[in-house]
Amino acid sequence: MVRFILFLALFLALCYVIKGFLKGLKLRKVLKTGSKQAGEQPPITDELVQDPVCGVYCPKRDALSLNQQGKTYYFCSDKCRQEFREKRNNL
Ligand SMILES: [Zn+2]
């Protein structure tokens with residue numbers, strides 16, 4: 001009788017594992033189709049960068065950049081970039 005219960009428990013555990021495996025497989029399928037859809041569209045390379053002057057976040061491709069001392073700063077507008085430059089020069 002104990003053996004039967006053990007067998008049943010093992011069987012249930014196996015069912016659980018198989019269920020989990022199938023779930024994972026489905027999830028992977030969804031992820032695959034998701035990446036496929038993303039591949040059809042232009043890849044999103046937009047990275048948000050923060051303007052150190054006004055603190056606004058803007059996409060990197062729209063932001064104006066300024067290289068200073070090997071560090072690149074990004075700005076929402078030329079006004080902010082000018083302001084930052086002037087501040088740096090005053091320091
Ligand atoms: Zn700004």
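Scoring rules and cut-offs
- Residues numbered from 1 in each chain as written.
- Predicted model: local features only at pLDDT ≥ 70, side-chain atom pairs only at ≥ 80, totals over all residues.
- Heavy atoms only, no water.
- Phe/Tyr/Trp six-rings, centres within 6.5 Å; stacked < 30°, edge-to-face > 60°.
- Helix = DSSP H or I, 4+ residues; strand = E, 2+ residues; numbered from the N terminus.
- Buried < 20%, exposed > 50% of the residue type's maximum accessible area, 1.4 Å probe, protein only.
- Donors = N, O, S within 2.8 Å, 3.2 Å for Na, K, Ca; no water.
- Tetrahedral: all angles 85-135°; square planar, octahedral: opposite > 155°, others 65-115°.
- Expected span 1.5 Å × (residues − 1).
- Arc of directions from axis to C-beta.
- Contact = heavy atoms within 4.5 Å.

**Observations regarding the packing of aromatic side chains**
Two aromatic rings, taken as a pair, are described by how far apart their centres are and by the angle between their planes.
Thought 1: Counting across every chain of the model gives 2 aromatic pairs.
Thought 2: With 4.7 Å between their ring centres and 45 degrees between their planes, Y73 and F84 make a pair best called tilted. With Y73 in strand β4 (residues 71-75) and F84 in helix α2 (residues 78-90), this residue pair connects regions lying 11 residues apart in the sequence.
Thought 3: Residue class for Y73 comes out buried when judged on its relative accessible area of 13%.
Thought 4: By the ring-pair criterion, three or more aromatic residues cluster together here, those being Y73, F75 and F84.

**Some thoughts on the coordination of the zinc ion**
Ideal values differ by geometry: the angle at a metal is 109.5 degrees with four tetrahedral donors, but 90 or 180 degrees with six octahedral donors.
Thought 1: All of the protein donors around the zinc ion are D51 (OD), C54 (SG), C76 (SG) and C80 (SG); their distances to the metal are 2.0 to 2.3 Å.
Thought 2: Metal-centred angles of 96 to 119 degrees between the 4 donor atoms at the zinc ion mark the site as tetrahedral.

**Observations regarding α2**
Thought 1: For α2, spanning 13 residues, the distance from its first C-alpha to its last is 18 Å, which sits close to the expected 18 Å at 1.5 Å a residue.
Thought 2: Burial in α2 covers these residues: C80, R81 and F84. Along the axis of α2, the buried residues cluster in a sector spanning 100 degrees; they form a single face. In this structure, α2 carries K79, N89 and N90 as exposed residues pointing more than 90 degrees from its buried face.
Thought 3: Each element contacted by the buried residues of α2 is listed here: β3 (64-68) and β4.

That's the geometry; what it means functionally is another story.
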